[in-house]
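Summary of the model geometry
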Amino acid sequence: MLLDWLLPALVVTALALLVIGAIRRVLLWRAGQPEPVNIIAGLMAMPRRYLVDLHHVVERDKVMSNTHVATAGGFVLSMLLIIPVHVFGLESRWLSIPLLIATALMFTGAIFVYRRRRNPPARLSRGPWMRLPKSLLMFSASFFLLTLVTSGFLPENFGSWVLVAVLLVGVTLGLSEMLFGMGWGGPMKHAFAGALHLAFHRRPERFGGGRSTGLKPVNLDGKLGVADPKDFKWNQLLGFDACVQCGRCEAVCPAFAAGQPLNPKKLIQDMVVGMAGGTDANYAGSPYPGTDVGKAEGNPHQPIVDGLVSADTLWSCTTCRACVEECPMMIEHVDAIVDMRRHLTLERGETPNKGAEVLDNLIATDNPGGNEPGSRMNWAADLDLPLMADKHEAEVLFWVSDGCFDMRSQRILRAFVQILKAAKVDFAVLGNEERDSGDVARRLGDDATFQTLARHNIATLGKYRFQRIVTTDPHAFHVLKNEYGDFGGHYEVLHHSTFINELVEQGQLSLDRFKGGTVTYHDPCYLGRYNGEYESPRALLNALGIQVSEMDRSGYRSRCCGGGGGAPITDIPGEHRIADMRVDDARKVEAETIAVACQQCTAMLEGVVEPRPEIRDLAELVADGLIIEAADSTAPAAQPIAEEVH
Amino acid sequence: MSPDSFPNSFSNPDLKVASLISVGQHPKSGRARRASQDARAVELGLKMAGSSSRLIHVGGGDETGLRQYLGMGLPEITLLEADGRADAVPILVRHLKEQPADIVLTGIHAERGEASGMVPYLLAEYLGWPIVPRIADIQKVEEGFAEVLQALPRGQRRLLRVSLPFIATVDNAAPDARQYAFGPARRGLMDGVAVDAPVDETRLEWQESPAKPRPKRLNVVKAKSAADRFKAATAKPQGQGGKVIRDGTDREKAEAIMELLIAEGVVR
Amino acid sequence: MTDIPRRDPRTEWILRNRLHPQYDEMVAVNSGPVRGPTGLLRKNPHAVGFIGPNGIKRIDRSAGLTGGAGGLSSRAKGRSAQAEVELPMHRVEQPDFYVAVVVDLAGGRLSSHDKDVLGQAHQLVKAAEGEGAVVAVALGEAREANFDKAGADRMVHLTEVYGQSLTGYCPEHKLAVLEAVESELAPRYWLFPDSVHGGADLGSRLAARLSERPVVHAWQVDADHSVCRGGSQLTDWHRPTARVILLAEECALPIDETRHEAKPIELASIPKVTPRIEDLGQVEVDPSKIALGEAEFILSAGNGVRDWSQFHEVATALGATEGASRVAVDDGNMPRFRQVGATGTWVTARVYVAVGISGAIQHMQGIGRCDKVVAINLDDGCDMIKRADLSVIGNSQGILGELLRLAESRQSGTELESPKATAESTEEDRHVA
């Protein structure tokens, strides 16, 4: 019978094509730079990463999560069973019944995929992805029926050769999408590349509930950043291939929403184009705002900027990590963007707008404003702050940050000093010995300057004894905590929201109730997404008797203020301003005050034209609510805290 | 930063442009850096002659400062190594006679030391070349002549025609120097040629000290009468709370503004 | 306030009209005693004296109080008389040596820098033995240059050499003149203002030509010793005084108590040079294209500006460089390079007109070095008004419209100026006369 040899032949051909395609794909990835990974451990951990970590992200959309489980689970199971049943012709009910169930499961899932694709949201890519549900349906239905036929559930000679022919066509189409397409760049590529991406992820710490957000250092004696696609690490290239074009990144990207020429999804797809060679003509999703699709062209050995993507695209990113947080495939967009920025800054010297000036200032004066390095303590001339140089030892080292030069940030710093003094904390500052943490330099791609600053700061910190560092600047917090480790600086670093909350919980501070209107809280990206601190600020606000009215986008989905990643410095024009959109979020919940925990956010949100909600830093709110007389320390110290506030 | 207020610089890769560079210092931190005017000179050279324009430095060769010039995208610096106290002029004269240039660019003053700004003048005198000070741009070079835009105060410009070869000092009004990048700065060559030069003996006798704040001249009033003296002593210091006009028609308000503009001489 | 005696047309008119209700009053003020109807001499005691600076009425019995006929303000007269005081003449008959001062004569006038340098020259003359004369070398057209009062004992004033005008940029010709002065007078010192108006250039040229090592950026000079500012204004150099000295601003006090002869000296021969630098003239610079940091007059727009085409028109009409606040830039109304402030450009304008800018702290930082700030704003409590030297409260659109009309009428020459000057002087009279 026709089926007896044709079906196995088809499956084997498809599998062979898959293998050939897969090898080709692997070779494309291997054009990238070497990066050591633990292959065995990675592969072993892969199923868990897939089933737990990835689905943890996918599960944010319940329907889609179940759909994916049914479809993907059904497919993997069917494929495993098709080989013995249809290729080797094993006839056992123990195989064919599970196969029937698997294909049925896959079919059910595919129906949901189909339904979603009937009216897909804008963030989803079209093109070949519109074909996918049909292919899924065809594959599962054909194999279901074929299995029914071949395993004798139906009477011999049921239907006619016409039916068989139709089924074979279905099988052929299904197999070509599912297996051939997987190896040769079809939508199903994501399954194969995605699985390997999870296995060989560049930040394995992210799996199992961990967090890895610090940028990787540049070897200053080697290649500086990424010029051509081949300059990415091989597993970064692999990661790009894992993209399913679901567009969740696009939906949360503040730059995209502001109409700046950045779309994280398109960027990853452009990287895929660069890796494989060709143009983006087949890309069927939203473009970079204001840029037409179809003109980007590249190959692994051709510069990315001005062929594949424009520099403006890279400089639009605020490094808020919303895309990374949202990506179900755990792709690292920010790493890729900063890698390419490094090339622009370190090799080409093309940091746009004020970028060059800021970097120049950082090199010459250790602060981005070009202020006199010896005037770091001018803001505190009347506060009589203890200096580390005098004390040599303190419990808490207060990292002042460059906010010391900015008149608005100084108010936050002064509020925090007031709190430290009220709680009688044993603290000291570095004073003029402190330098910029290097955050801005690093996000602007100047890792050389970052490393210089970091090494100096680490050497300075090494001279003194302290238990923990506390800072009001989430950027400095992140850099000190997560990025100095590569240069030998390991510290216990706390953000002031965490620290003040601790003081309140320990009863060191007594707070009055806040007497204002509705308050909402804006999560700074570098505190929240970068470091997972969502609770302390809210607990602190609760301690002030504030019921936080949460904005739509809060917590890990908080929308950036537009101030990160050097975005205000590179200043790429868009249609809106990110800060305006954020204040609109707050207006929607009728907030009268936006509590923030970052001086950069303060500056950005206060830049919105009035009338707008008042912007207050947590430290300022707490300082206002301080009850100074320490006599009665028992009363309001233990306010009800830790209420679930999501 | 500034818009294209004037046509772009002339460009001709065959032109031999040399920039004399020195190590500057940051006014706030005193840290070594590329000198801002010299960097503008290099920028102008780069625009005119591309990476074939030469960089010449006489002295000890401070790494950080000089590498910043290389970071602008030039392959090498001709480093004429001499004692830091040596007189640079004879060395440069000799060098420029051996390896002639059509245009020699440099800053107006150095950022360190005496900063007399005499080097280009002395070079011009010894080489017999014309010197054009404070240029903002070079617009055209043809038939042995260059059209040079000289910067005047407050954004004004003057067009000069000067015969080649010549020396020009570059004003702060010239286009900003491009960003220097770490990669090219690291790769650039800085092979020194030791040259012997007499030590500048005269200079050794001088004393250098940190700048003393200069007394601000007070507005001394030589009053002829008691009333004038009284007025001078009690007059309200300027700038303490200005005049505020709340009432009146728009016309009167506009007139008040116009009066100030005329008095200040900005409206003529 | 001006020293020019002013006529008061109104008073004159009243004095011509006997039937005017104020006629008697005016006559009383202006012509002293009046006869009453009975022929008795009447005095108006209120019209006597003037209000002194401390608000007390003063009666000056020394001079004829009634001198100011025809509404001439007696005070203005007094002041102008004061200004005409003849300063003592300082004469140098037979100078033993010369000190040459090459003045910039920027715009044809002696700048305060020029005058300071002349003052310095006299200090050097005084310190030396023998009688020295200060030679002011002025090359180019001079307008209202009071060389005698500024301290020039001798003058070398040339407006052209061999048919070449010295008014434009012609350093080679000027150097030739200086060489002639050198060979004929052999000045003991050559002083130049160390300025961007040509003094530094010419001084350096002369020093190179004479193989003299000049003293530059000098701010404290005596006969043997000079203190000079070094690079980046960060160091002082103490060194012996040399022959060629380039002097910083405010190096010495200008001459103000003597007059000088300013006797012209004719140069016998000036070497002829073939110039290799040719001045093709000043380039028309569109004020709107001057970089913000350099501009001297900035009209800056903020959130309060509604009519942008009107704003641009006003800037063009006034010849101002346009600036903007961050909000105006963010909203796309102005390009980014026009942004003024700590996050934009730090400006140094002499006059900064802020239209509808309330004055965010970063903006105020950016205009910290501006001389005069004018604010047009609706909100009279905003920070910009606190900083401004002149503030007008009102709708920017209306005021800009009037400003535009004023500027245009100025340009077309139809001065519809109200008699402001007179109004001012009568106001003065009220205080004084």
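Everything numeric in this text was worked out from a predicted model, so none of it was measured.

Conventions adopted
- Along each chain, residues carry numbers from 1 onward, in the same order as the chain's sequence is written.
- Both sets of labels track the order of writing: A upward for chains, 1 upward for ligands.
- At least 70 in pLDDT is required for a residue's local features to be given in this predicted model, at least 80 for side-chain atom pairs to be given and counted, and no such filter applies to totals for whole chains, interfaces and linings, which use all residues.
- The basis for every side-chain value is the complete set of non-hydrogen atoms in the structure, without hydrogens or water.
- Note on contacts: a residue pair qualifies if any of its non-hydrogen atoms lie within 4.5 Å across the two residues.
- By definition, the buried area sums, over both parts, the 1.4 Å-probe accessible area that each loses when the two are put together.
- For salt bridges, the criterion is a side-chain nitrogen of Lys or Arg within 4 Å of an Asp or Glu carboxyl oxygen.
- Three residue categories are used. Nonpolar comprises Ala, Val, Leu, Ile, Met, Phe, Trp, Tyr, Cys and Pro, charged comprises Asp, Glu, Lys and Arg, and polar comprises the others, including Gly.
- Polar contact is defined as a pair of N or O atoms within 3.5 Å, subject to the rule that within protein one atom must be able to donate a hydrogen and the other to accept it, and that residues adjacent in sequence are counted only when both atoms are side-chain atoms.
- For helices the rule is a DSSP run of H or I covering at least 4 residues; for strands it is a run of E covering at least 2, with both sets numbered from the N terminus onward.
- Only protein chains enter the accessibility calculation, which uses a 1.4 Å probe; a residue is then buried when its area is under 20% of its type maximum, exposed when over 50%, and partly exposed in between.
- For two strands to pair, DSSP has to find at least two bridges joining them.
- All axes are obtained by fitting lines to C-alpha atoms, using only the stretch in contact for helices, and the reported angles, taken between N-to-C directions, cover 0 to 180 degrees.
- Each domain's limits were defined by an automated method or a database of domain assignments.
- Roughly parallel means an angle under 35 degrees; roughly antiparallel means over 145; roughly perpendicular covers 65 to 115; every other angle is labelled oblique.
- With the far helix as reference, a near helix turned anticlockwise by less than a right angle produces a left-handed crossing, and one turned clockwise produces a right-handed crossing.

Points about the interface of chain C and chain B
Contact residues are listed per partner, giving 88 residues for chain C and 89 residues for chain B. The largest per-residue losses of area from chain C upon contact with chain B belong to R213, W237 and R276 of chain C, which jointly make up 9% of the total buried on that side. At the boundary of chain C with chain B, the tally comes to eight salt bridges. Note that E402 of chain C and R251 of chain B form a salt bridge whose closest N and O atoms lie 3.3 Å from each other. The class makeup of the residues in the side of chain C that touches chain B is 41 nonpolar, 19 polar and 28 charged.

Side note on the interface of chain B and chain A
At the interface, 14 residues of chain B touch 25 residues of chain A. Of the roughly 1,400 Å² buried between chain B and chain A, counting both surfaces, carbon and sulfur atoms make up 49%. Of all residues in chain B, the largest losses of buried area upon contact with chain A belong to R31, Q179 and F182 of chain B, amounting jointly to 41% of the total for that side. Connecting chain B to chain A are two salt bridges. Between R187 of chain B and E347 of chain A there is a salt bridge, and its shortest N-O distance comes to 2.8 Å. At the boundary of chain B and chain A, one finds ten residue pairs in polar contact (both at pLDDT 80 or more). The greatest single-element share of the side of chain B that touches chain A, amounting to five residues, is contributed by helix α5 (residues 182–187) of chain B. Among the residues making up the side of chain B that touches chain A, the classes are represented as four nonpolar, five polar and five charged.

Comments concerning the pairing of strand β8 (residues 145–151) of chain B
All names here are of chain B. With respect to burial, β8 is a largely interior element, six of its seven residues being buried. Direction of pairing for strand β7 (residues 131–142) relative to β8: antiparallel, over a ladder of six bridges. Its bridge partner lying in β8, V141 is registered against A146. Once β7 ends, the chain turns through two residues before running back antiparallel as β8, passing E143 with a positive phi of about 50°. With seven bridges connecting them, β8 and strand β9 (residues 157–163) associate as antiparallel partners. Directly across from F145, in β9, lies its bridge partner S163. Here β8 hands over to β9 after five residues, with R154 in that stretch at a positive phi of 60°.

A few points about the sheet that holds β7 of chain B
On the basis of which strands lie adjacent, the open sheet formed by ten strands has the order β11(B)-β5(B)-β4(B)-β1(B)-β6(B)-β10(B)-β7(B)-β8(B)-β9(B)-β18(C) and mixed pairing. Of all strands in the sheet, those bounded by a partner on one side alone are β11 (192–194) of chain B together with β18 (277–283) of chain C. Shown here is a sheet whose adjacent strand axes are inclined to one another by a mean of 30°, direction ignored. Here strand β4 (residues 54–59) of chain B runs beside strand β5 (residues 78–81) of chain B; their pairing, made up of four bridges, is parallel. Across the sheet, H57 of chain B pairs through a bridge with L79 of chain B, a residue of β5 of chain B.

Focus: the domain arrangement of chain A
Partitioning chain A into structural domains gives domain 1 (2–199), domain 2 (372–479) and domain 3 (504–625). For domain 1 of chain A and domain 3 of chain A, the distance between their C-alpha centres works out to 46 Å.

Quick notes on the side chain of T103 of chain A
Residues and elements named next belong to chain A. Its location among the elements puts T103 in helix α4 (residues 93–118). Overall, T103 belongs to the buried group, its relative accessible area being 0%. For T103, the contacting residues outside a window of four places in its chain are S78, S140, F143 and F144.

Points about the packing of helix α17 (residues 407–422) of chain A against helix α21 (residues 496–505) of chain A
Residues and elements named next belong to chain A. Relative to each other, α17 and α21 sit at 30°, their axes nearing to 11 Å. As the angle between them shows, α17 and α21 are arranged roughly parallel. The handedness of the crossing between α17 and α21 comes out as left-handed. Judged by residue contacts, F416, I419 and L420 of α17 engage H496, F499, I500 and L503 from α21. Classifying every residue of the contact of α17 with α21 gives six nonpolar, one polar and no charged.

Quick word on unusual backbone geometry
Cis geometry is adopted by the peptide bond preceding P165 of chain B, which originates at L164 of chain B and carries an omega value of -15°. Take P165 of chain B: it is sitting in the loop between β9 and β10 (166–170).

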